[in-house]
Protein chains: 2
Amino acid sequence: MTYCVGLLLNDGAVLLSDTRTNAGFDNIAIYRKMFIFEEPGERVITILTAGSLSVTQTTIARLRDAMNHPDADEDSSIMKAPTMLKAAEIIGNMLAKVRADIDDKLSAMRQGASASLIVAGQRKGGEMRMFLIYPEGNFIEATEDTPFLQIGEHKYGKPILDRVVNMDTTLADAQKAVLLSMDSTLRSNLSVGMPLDMAVIERDACRVTLRRRIEAGDEGFRAMSEGWSQALRDGFSQIKI
Amino acid sequence: MTYCVGLLLNDGAVLLSDTRTNAGFDNIAIYRKMFIFEEPGERVITILTAGSLSVTQTTIARLRDAMNHPDADEDSSIMKAPTMLKAAEIIGNMLAKVRADIDDKLSAMRQGASASLIVAGQRKGGEMRMFLIYPEGNFIEATEDTPFLQIGEHKYGKPILDRVVNMDTTLADAQKAVLLSMDSTLRSNLSVGMPLDMAVIERDACRVTLRRRIEAGDEGFRAMSEGWSQALRDGFSQIKI
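Identification of chain A as Putative proteasome-type protease from Cereibacter changlensis is taken from an unreviewed UniProt entry.

Structure below.
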């Protein structure tokens, strides 16, 4: 499995993904699940992926091919799309097509393949937007009422987001929130694993303003994780029933 | 859905269940999911249920019939079973049979029905034990390493249990832990709802030593829930990244 989360706030977007991929418990590998496409200052699009690796890799590879194709235009290349909505449509259509192709191949073995994506970004002069794209290619969008989107193993890390995140959350607090949400997921579910990839996109910067890979032994993450455990235990001991 | 959780500790067992049952979002009802069978001082068995209501109700009804049958013996009645292991086997076999019967009926409509149970109890002179019984009738048992069992919507409420519960947890702290675990689940998942049923079984008492229904407007639960939210927000604001 996977856990990816994206927050769309007044100050910008914060995205976090894990990197664990497994085909059975004895076949575990590290694969990047965050893909950044940018023309700094002009356009930035970040894609987070969850699901069958064959589907997500092929989808990303074909999107890249379409971008680099000599005939790339606003209907085929997400880097030429006039709006983020159009970019989400291109990505959704590609995901649906790749998924259907691979599903056809796998049906011979009575298996299926699926994937979902979070897409966030902004084009100069346009709005910053964030979408969750379903395996069928349709999508929903983050809004003021629901400023976060999750894919993969989303349940363990949802309570903390439900409690501390709203549109006014600062980008610093947002980074803390997604990391603590991930920390709860890492502790409770073996199929989600380090290292982590985090990206921050300040509103109207139209580029990734902070990009960080957090490795398994990261001292800051470990300290944060322990601090949070201690805060939970302290809070717990103070609660009266 | 449902959320039920049981803790098996050095001092005894603590059990909590919600009461929401739904067949679609427009058909929501309250049904008890905690069933207590006791001969105080001699034997106590508590069953928590998750899954299709038709399966769980029929299973409980048939277990009750078997108990009250004139020929009830140690192979058919959980109140005559010589050990908790034997009681778990009787319950598991009954669940598997009822589930298979109902599944047969539903297969005509290409539907299926399933359920799982948590069973906890003690017989005078025997050990206190707790089991999670799967739809197929097989089961696992709570141990020193894993002193809690969950059925239904278990993911939202697992991080808090992972962090604060071990065999040495007091019964008072254990009640707090299961209530906070439930609180996180209630906030993040609509299919789990108040009122709640809680039972505490002190070790070697062989009876339910505390039994409590917590209604939707319960002032103590609301205060605890708000106190916990505040503790989380305070803890969050103190964490550094």
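Caption draft 1: Region of interest: the sheet that holds strand 11 (residues 196-202) of chain B. Residues and elements named next belong to chain B. One open sheet accounts for 5 strands, arranged 10-1-2-11-12; its pairing is antiparallel. Every interior strand has two partners, whereas the edge strands, strand 10 (148-152) and strand 12 (210-214), have only one. Each adjacent strand pair in this sheet contributes to an overall mean axis angle of 10°, direction not counted. Here strand 11 runs beside strand 12; their pairing, made up of 5 bridges, is antiparallel. The residue bridging Met198 from the neighbouring strand is Arg212, located in strand 12.

Caption draft 2: How the structure looks around the relation of the copies chain B and chain A. When chain B is brought onto chain A, the operation consists of a screw motion whose angular component is 180° and whose axial shift is 0.0 Å, with 0.0 Å RMSD remaining. Look at the turn and shift together and you get a two-fold axis relating the two. Ranked by how close their C-alpha atoms come to the rotation axis, the residues of chain B are headed by Tyr156 of chain B, at 2.4 Å. Most of the interface of chain B is mirrored in chain A, where 100% of its interface residues are also at the interface.

Caption draft 3: Geometry of the packing of helix 1 (residues 53-68) of chain A against helix 2 (residues 84-107) of chain A. Residues and elements named next belong to chain A. Where helix 1 contacts helix 2, the two axes come as close as 9 Å, and the packing angle between them is 135°. The angle between the axes of helix 1 and helix 2 places the two elements in the oblique class. In the packing of helix 1 onto helix 2, the handedness of the crossing is right-handed. Of helix 2, the residues touching helix 1 (which contributes Ser54, Val55, Thr58, Thr59, Arg62 and Leu63) are Ile90, Ile91, Met94, Leu95, Lys97, Val98, Arg99, Asp101 and Ile102. Counted by class, the contact of helix 1 with helix 2 contains 8 nonpolar, 3 polar and 4 charged residues.

Rules behind the numbers
- Residues numbered from 1 in each chain as written.
- Chains lettered and ligands numbered in written order.
- Predicted model: local features only at pLDDT ≥ 70, side-chain atom pairs only at ≥ 80, totals over all residues.
- Heavy atoms only, no water.
- Pairing = 2+ DSSP bridges.
- Helix = DSSP H or I, 4+ residues; strand = E, 2+ residues; numbered from the N terminus.
- Axes fitted to C-alpha atoms, helices over the stretch in contact; angles between N-to-C directions.
- Least-squares fit on C-alpha atoms with pLDDT ≥ 70 in both.
- Contact = heavy atoms within 4.5 Å.
- Parallel < 35°, antiparallel > 145°, perpendicular 65-115°, else oblique.
- Left-handed = near helix turned anticlockwise from the far one by under 90°.
- Nonpolar A, V, L, I, M, F, W, Y, C, P; charged D, E, K, R; others polar.

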